[in-house]
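This is what each chain is made of:
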Amino acid sequence: MSLLSTELTGGKESRSGNTVSWTPSSWKSKPIKQSPSYDDQAAVDKSLAKLNHLPPLVPFAEIDRLKDNLRKVAQGDAFLLQGGDCAELFDYCSQDAIESKMKLLLQMSLILIWGSHKPIVRIARMAGQYAKPRSSPMEMVDGKEIPSFRGDILNGFKTDERTLDPERLVDAYFHSAATLNFVRGSISSGFADLHRPLDWGLGHVRDPELQKRYSDTVESISDNLDFLRATGHDTGSRELSTVDLFTSHEALLLDYEQSLTRVSKSHLDQQGTSSASAEKLYYDTSAHFIWVGDRTRQVDHAHIEFLRGVQNPIGVKVGPTTSSSDLLTILRTLNPKVEVGKITLITRYGAAKVGSLLPDHIKIVENSEYAKSVVWQCDPMHGNTRSTSSGIKTRQFADILSELEQSFVIHKEQGSYLGGVHLEMTGDAVTECTGGSQGLLDDDLSLNYTSFCDPRLNEKQSVELAFLIAGHLKQ
Ligand code: PEP
Ligand code: MN
């Protein structure tokens, strides 16, 4: 125990040769963006001490298992589906909200298995996606300037809850834990049993040709499942009766991430004393997969410093402002041992820019020592945000699809493998993105716009996108 607490609170950097050694708090000596300034540091310290004491949210072995899976994605033998809310609220920690997200991820992954004939790795943006980077710390609401909403882990969306509240750090942990508990319980009791009839709900598709294509696909998936059942091939098959569902969030709030970082005991000998020969391995147990956002990935800043020391697979958002040389420096900093699948490059340029920017990023990586070792994932959401004439933040389905399709073509031309997608989506019938086969228009957005941050694909738009991706994977 004393070992753990010294590991986690000691912040002194030491230099060995010209490499600065890493500790869970070495990020504190670096410049940092998007960092909160609390009024009451004693209350923050109290929350962090509590978090330090609580058990890991996810076990080391599951983090390692995800890493194994991502190695297969990097090698072209699996496909990664990652999705969920832009900003997860504590309020989403309820049975219906969690079930509808799980159902959507499962349904989409079934479509992708059918399209790709490859295993699908599923990562939810869930059970911890509570901190949001903001372009401005303040915003105007009803003519008054108030602090921006920064995610439930920091403050509340209600205008009278915008002061940063240190108790929310611990609340975040318990909402993550409750979400994870329900996900685990549901999966182990058969929620993900693909033998159960799936309600595909394709009635919304207006175009008869598209409707036919989708129902043919569903029929073909159902026939295959029936065939397996009839021939007895699925008896007791774990593949069809249960799945892995991993969790992820942006590692934005480093105090929180640090306090859930634990050292693997594998370097201790039988008596529990530290053995000099074994390497200490640190895991950020707040989630299986964590990523660094577009606003905080500066090579010499705090977020990259923190992430370089943990065993977790790490995502890096890559956008129009990422220089090719920074990209290589980030890879060399985060993954000096060139572990295959350790880093997922989450590209998000926008439909208008992907054609001119992605090829050079692929070339610089694939012509370096990182060739065939990263997971290339397309986030077709964050480069395609626009405002309607009445000021509503939205995204067009056609732009999302276009960035995805261009990315598939570019990777094929470059000889690299587009191994995954990263989506903001929800199982609910929201009206936040326009287009899709429902034909949502700008004027429809106010019908059911419930996101507290970026606009998400609704259930129908998400399933439709999965069909379109499956079509690409089949080629
Ligand atoms: C996000 O994923 O919600 C996000 C803020 O993305 P980015 O850092 O790419 O802008
Ligand atoms: Mn977002």
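Residues numbered from 1 in each chain as written. Chains lettered and ligands numbered in written order. Predicted model: local features only at pLDDT ≥ 70, side-chain atom pairs only at ≥ 80, totals over all residues. Heavy atoms only, no water.

What follows concerns helix α3 (residues 60-74). An ideal rise of 1.5 Å per residue puts 21 Å on 15 residues; α3 measures up with 21 Å between its terminal C-alpha atoms. Following α3 by one or two positions, glycine 76 has its phi on the positive side, about 85 degrees. (Helix = DSSP H or I, 4+ residues; strand = E, 2+ residues; numbered from the N terminus. Expected span 1.5 Å × (residues − 1).)

Below, the discussion takes up the packing of aromatic side chains. Counted under the stated rule, the structure contains seven aromatic pairs. On the numbers, 6.3 Å between centres and 50 degrees between planes, the contact of tryptophan 22 with phenylalanine 306 is tilted. Of the two residues, tryptophan 22 sits in the loop between β2 (19-20) and α2 (41-53) while phenylalanine 306 sits in helix α9 (residues 302-307), which places them 284 residues apart along the sequence. For the pair shown, tryptophan 22 and phenylalanine 306 are each scored as buried. Look at tyrosine 173 and phenylalanine 174: their rings are 5.1 Å apart centre to centre, the planes differ by 80 degrees, and that puts the pair in the edge-to-face class. Classification of phenylalanine 174 by relative accessible area gives partly exposed; the value is 41%. A connected cluster of aromatic rings, assembled from ring pairs, spans Trp22, Tyr282 and Phe306. Sitting over the face of the ring of phenylalanine 157, arginine 162 holds its NZ or CZ atom 5.2 Å from the ring centroid. Positioned above the aromatic ring of tryptophan 114 is the side chain of lysine 474, whose terminal nitrogen or guanidinium carbon lies 4.3 Å from the ring centre. (Phe/Tyr/Trp six-rings, centres within 6.5 Å; stacked < 30°, edge-to-face > 60°. Buried < 20%, exposed > 50% of the residue type's maximum accessible area, 1.4 Å probe, protein only. Lys NZ or Arg CZ within 6 Å of the ring centre and 35° of its normal.)

The subject of this paragraph is the coordination of the manganese ion (ligand 2). Cys86 (SG), His382 (NE2), Glu424 (OE) and Asp454 (OD) make up the full set of protein donors to the manganese ion (ligand 2), lying at 2.2 to 2.4 Å. Motif for the manganese ion (ligand 2), donor spacing along one chain: C-x295-H-x41-E-x29-D. Residue cysteine 86 is located in the loop between β3 (79-84) and α4 (95-116), and its partner aspartate 454 is located in the loop between β16 (418-424) and α13 (459-474); the two are separated by 368 residues in the primary sequence. Judged by relative accessible area, which is 8%, aspartate 454 ranks as buried. (Donors = N, O, S within 2.8 Å, 3.2 Å for Na, K, Ca; no water.)

We now examine the nonpolar core. Ranked by internal contacts, the top residues of the largest apolar core, which has 79 residues, are Val316, Leu345, Leu457, Leu465 and Ile469. It is α4 that provides the largest number of residues to this core, a total of ten residues. With residues up to four places along the chain from it excluded, the contact list for leucine 465 reads Phe397, Ile400, Leu401, Leu404, Leu423 and Leu457. With 25 residues, the next largest nonpolar core counts Tyr130, Val170, Leu252 and Leu253 among its residues. (Core = buried A, V, L, I, M, F, W, Y, C linked by side-chain atoms within 4.5 Å. Contact = heavy atoms within 4.5 Å.)

Now for the state of the cysteines. Inspection of every chain in the model, using the stated rule, returns zero disulfides. Unpaired in terms of disulfides, cysteine 93 finds its nearest cysteine sulfur in cysteine 86, a separation of 19 Å. Residue cysteine 93 is classed as partly exposed on the basis of its relative accessible area of 26%. With no disulfide partner, cysteine 378 has as its closest neighbouring cysteine sulfur the one in cysteine 433, 14 Å distant. (Disulfide = S-S within 2.5 Å.)

Attention now goes to the environment of isoleucine 304. One can find isoleucine 304 in helix α9. In this structure isoleucine 304 comes out as buried when scored by relative accessible area, which is 0%. A sequence separation of 180 residues divides isoleucine 304 from alanine 124, and the C-alpha atoms of the two residues are 22 Å apart. Excluding residues within four positions of it along the chain, isoleucine 304 makes contact with Val292, Arg297, Gln298, Val299, Ile330, Thr333 and Leu334.

A few words on the sheet that holds strand β4 (residues 120-125). With respect to topology, eight strands assemble into a closed barrel ordered β3-β4-β7-β10-β11-β12-β13-β16, the strand pairing being parallel. Going across the sheet, the axis of each strand differs from the next one's by a mean of 25 degrees, ignoring polarity. Bridge count for β3 against β16 is five bridges, and the pairing is parallel. Bridging from a neighbouring strand, glycine 83 pairs with leucine 423 of β16. (Pairing = 2+ DSSP bridges. Axes fitted to C-alpha atoms, helices over the stretch in contact; angles between N-to-C directions.)

If you check the shell around ligand 1, you find Cys86, Arg125, Lys132, Pro133, Trp291, Gly293, Asp294, Arg295, Lys317, Arg348, His382 and Glu424 and nothing else. Side-chain polar atom of lysine 317 to an oxygen atom of ligand 1: 2.8 Å apart, as the coordinates give it. In the environment of ligand 1, an oxygen atom lies 2.7 Å from a nitrogen or oxygen atom belonging to the side chain of arginine 348. For ligand 1, whose unbound accessible area comes to 300 Å², protein coverage reaches 96%. Residue classes in the shell around ligand 1 are distributed as three nonpolar, two polar and seven charged. (Near = heavy atom within 4 Å. Polar contact = N/O pair within 3.5 Å; in protein donor to acceptor, adjacent residues only side chain to side chain. Areas by Shrake-Rupley, 256 points an atom, 1.4 Å probe, with all protein chains shown as cover. Nonpolar A, V, L, I, M, F, W, Y, C, P; charged D, E, K, R; others polar.)

Function cannot be read off these values alone, since they describe shape.
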